[in-house]
Number of protein chains: 2
Amino acid sequence: MSTTHLWEREILIDQRSRQPLFLQVKEGLKNWIRNGLQGGSLSEGDRVPSQNELSETLRVSAITVKRALNELQREGYIQRIQGRGSFIAKKHKLELKLEHLYSLTTVAESFGMVPARQVLELKEVKASRRVVRYLEIEDDVPVVKLVRLRLVDDIPLAVDTSFLPLRLFPELLMDEHSHGALYDLMKTKYGIEPVRVHEYLEPVLINDFESEALQVPVGSAAMLAERIAYSADDVPIEYNQSVLRGDMCRFSVDMHKGSLSG
Amino acid sequence: MSTTHLWEREILIDQRSRQPLFLQVKEGLKNWIRNGLQGGSLSEGDRVPSQNELSETLRVSAITVKRALNELQREGYIQRIQGRGSFIAKKHKLELKLEHLYSLTTVAESFGMVPARQVLELKEVKASRRVVRYLEIEDDVPVVKLVRLRLVDDIPLAVDTSFLPLRLFPELLMDEHSHGALYDLMKTKYGIEPVRVHEYLEPVLINDFESEALQVPVGSAAMLAERIAYSADDVPIEYNQSVLRGDMCRFSVDMHKGSLSG
């Protein structure tokens, strides 16, 4: 079938790799779907190679292929229809995986979407009680408030408010670069990088300001993600509040019984 | 001060333990606060031993104590007031930590609250497309639907809907024990235990049914937590949808830069 051409060349399996085979098949198919959708050689609804085709061509067991397809279905990349096969699914919500420090930019790109930012506010402010508490600073320490609108494919996704100690980023107020990726700027210009974050997730309702910025009705469901970012020295370097549209993304996490905990 | 009596005997520090000292101080203080609140020897607003008192009595550095107090403040156990000291904070939202498989029962108990459940519905149903997909079963396989109201201190917290393959839990429909902890029943009666879960978190608005069950207005903010639980053999054994009141809990997660990922 024309829709499946090239997959044999794009999905490479390394039998000696330490990565489980089903993961290799899954990631291979995922990249083939993403690249195909982005490049235009594939469309939503196109057929995905069958379990037998995959198993024979890639020389892996039927169970391995089944597990890979199950995971792709669960993650919303494909839809399986009994007796007819698997098909590329309609675009779905951005999935923010809570396994390691995520960035909206990277997640959007991995979904084949174009991320963008607009600075809505950039000024020095007096820290609120909450900011003082999370940044572990004294009451009278000046902080920079940076409010940005985050977009994907020109659709507003989140209102993102960062508070940073001015002492650590003395030129941030004048910085043209604050229009780019904040963490990149922190790292390249100031040599400070978040290596650990503590994040809180709470459901909230969209308020007037967010409604206008995000172009959704007041009272819509949104996720409030509060993040405290720490440097390698374990110093709080950013307190961030992001309000994300509930219709555009969801968070996911893998958990095990009785994992190691502090 | 009478409010701090006994803490010297309750917070035990083991200098040779592999657990960091600040964690020992933090956990010790947390347990002292919890037990005190539960037992009635402490109340909200009571003073917590000062940094100096803790440092001297426990023989740990001021930095260690400061870090422990900072974390307790961030987690909402204490409130620090400049120049006056630290005080036991007002009761706050339940914090559901996404570090390992959590149970509402255990979390509530760790907050000194009394968890309870009420069965709202228990019957055999035809699996919906979504249930078929997540449980990786055939279309015509019978599943058990169990809807429970979860409460803490007699306040409704969540509407919790589980779908389980009847084949794995053949007597579940008749089971009086389904009024108890579901995972305990799965383990003790059927020898099947969830060891890994995949969970999705999305903000949603409370609907009519949930409004009545949870005693909050229609359109309030809530968290939809969808969970697929897997047995040790990696077989999906439960698909769960929980709608949790946004005013009663929040989720939290620690993330590191570039942790290992699949």
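All of these numbers come straight from a predicted model, not from anything done at the bench.

Cut-off values and rules
- Residues numbered from 1 in each chain as written.
- Chains lettered and ligands numbered in written order.
- Predicted model: local features only at pLDDT ≥ 70, side-chain atom pairs only at ≥ 80, totals over all residues.
- Heavy atoms only, no water.
- Pairing = 2+ DSSP bridges.
- Helix = DSSP H or I, 4+ residues; strand = E, 2+ residues; numbered from the N terminus.
- Axes fitted to C-alpha atoms, helices over the stretch in contact; angles between N-to-C directions.
- Contact = heavy atoms within 4.5 Å.
- Expected span 1.5 Å × (residues − 1).
- Buried < 20%, exposed > 50% of the residue type's maximum accessible area, 1.4 Å probe, protein only.
- Salt bridge = Lys/Arg side-chain N within 4 Å of Asp/Glu carboxyl O.
- Domains from an automatic or database assignment.
- Buried area = accessible area lost by both parts, 1.4 Å probe.
- Polar contact = N/O pair within 3.5 Å; in protein donor to acceptor, adjacent residues only side chain to side chain.
- Least-squares fit on C-alpha atoms with pLDDT ≥ 70 in both.

Draft legend 1. The sheet that holds strand β7 (residues 155–165) of chain B, seen in detail. Ordered by their spatial adjacency, eight strands build an open sheet running β4(A)-β11(A)-β8(B)-β9(B)-β10(B)-β7(B)-β6(B)-β5(B), and the pairing between neighbours is mixed. In the strand order of this sheet, the two ends are held by β4 (94–97) of chain A together with β5 (115–126) of chain B, each with one partner. Strand-to-strand twist of the sheet, defined as the mean angle between neighbouring strand axes without regard to direction, takes the value 20°. In this sheet, strand β11 (residues 249–256) of chain A lies alongside β4(A) in parallel orientation, the contact comprising four bridges. Among the inter-strand pairings, L94(A) is bridged to a residue of β11(A), identified as C249(A). Set on the sheet, helix α4 (residues 62–74) of chain A makes contact with β11 of chain A together with β8 (196–205) and β9 (221–230) of chain B; between it and β8(B) the angle comes to about 15°.

Draft legend 2. Structural detail: α4(A). Residues and elements named next belong to chain A. In a regular helix each residue adds 1.5 Å, so 13 residues correspond to 18 Å; α4 covers 18 Å between its end C-alpha atoms and thus fits that length. Restricting attention to buried positions, one finds in α4 the residues T64, V65, A68, L69, N70, E71, L72, Q73 and R74. G76 lies just past α4 and shows a positive phi near 85°.

Draft legend 3. Structural view of the pattern of salt bridges. Tallying each qualifying case throughout the model produces 36 salt bridges over all chains. In this structure, E226(A) engages R130(A) in a salt bridge whose closest nitrogen and oxygen atoms are separated by 2.7 Å. Linking E226(A) in strand β9 (residues 221–230) with R130(A) in helix α6 (residues 129–135), this pair joins segments that are 96 residues apart in sequence. In this structure E226(A) comes out as buried when scored by relative accessible area, which is 1%. Between K26(B) and E71(B) there is a salt bridge, with the nearest N and O atoms lying 3.1 Å from each other. A residue pair is termed long-range when its members are at least 10 positions apart, and K26(B) in helix α2 (residues 21–39) and E71(B) in helix α4 (residues 62–74) qualify at 45 residues. Summarising the burial analysis for this pair, K26(B) and E71(B) share the class buried. Connected via shared salt-bridge partners are R67(A), D254(A), R196(B) and D234(B).

Draft legend 4. Highlighting the domain arrangement of chain A. Residues and elements named next belong to chain A. Structurally, chain A comprises domain 1 (3–88) and domain 2 (94–252). Contact residues are listed per partner, giving six residues for domain 1 and six residues for domain 2. Together, the buried faces of domain 1 and domain 2 total about 380 Å²; carbon and sulfur atoms form 35% of this surface. Counting every contact that joins domain 1 to domain 2 gives zero salt bridges. If you look at where domain 1 meets domain 2, you find zero residue pairs in polar contact (both at pLDDT 80 or more).

Draft legend 5. Up close: the sheet that holds strand β11 (residues 249–256) of chain B. With mixed pairing, eight strands are arranged side by side in an open sheet as β5(A)-β6(A)-β7(A)-β10(A)-β9(A)-β8(A)-β11(B)-β4(B). Looking along the sheet, the strands with just one partner apiece sit at the ends: β5 (115–126) of chain A together with β4 (94–97) of chain B. Looking at each pair of strands side by side, their axes are set apart by 20° on average, direction ignored.

Draft legend 6. How the structure looks around the pairing of strand β10 (residues 236–245) of chain A. Residues and elements named next belong to chain A. The buried fraction of β10 amounts to nine of the ten residues, a majority that puts the element mostly inside the structure. Direction of pairing for strand β7 (residues 155–165) relative to β10: antiparallel, over a ladder of six bridges. Looking at the pairing, A158 lines up with L244 of β10. Alignment of β9 against β10, held across nine bridges, turns out to be antiparallel. Residue pairing in the sheet places A222 in a bridge with R245 of β10. Taking the residues between adjacent antiparallel strands as the criterion, β9 and β10 are bridged by five residues, where D234 takes a positive phi near 70°.

Draft legend 7. Quick peek at the relation of the copies chain B and chain A. Overlaying chain B with chain A gives an RMSD of 0.1 Å, the required rotation being 180° about an axis along which the chain moves by 0.0 Å. The transformation just described matches what one would write down for a two-fold rotation axis. When C-alpha distances to the rotation axis are compared across chain B, the minimum falls at P203(B), with a value of 2.4 Å. Take the interface residues of chain B: 100% of them recur as interface residues in chain A, which is what a same-surface contact looks like.

Draft legend 8. Structural detail: the interface of chain B and chain A. At the interface, 59 residues of chain B touch 59 residues of chain A. Summed over both sides, the interface between chain B and chain A buries roughly 5200 Å², with carbon and sulfur atoms accounting for 50% of that surface. The three residues of chain B that bury the most area against chain A are R74(B), P203(B) and M255(B), which together make up 15% of that side's buried surface. One can count ten salt bridges joining chain B with chain A. We note a salt bridge from E226(B) to R250(A), for which the minimum N-O separation is 3.8 Å. Listed by contribution, the elements that provide at least two residues to the side of chain B that touches chain A are α4, α6 (129–135), β8, β9 and β11 of chain B. Examining the composition of the side of chain B that touches chain A, we find that ten residues originate from one element, β8(B), more than from any other.

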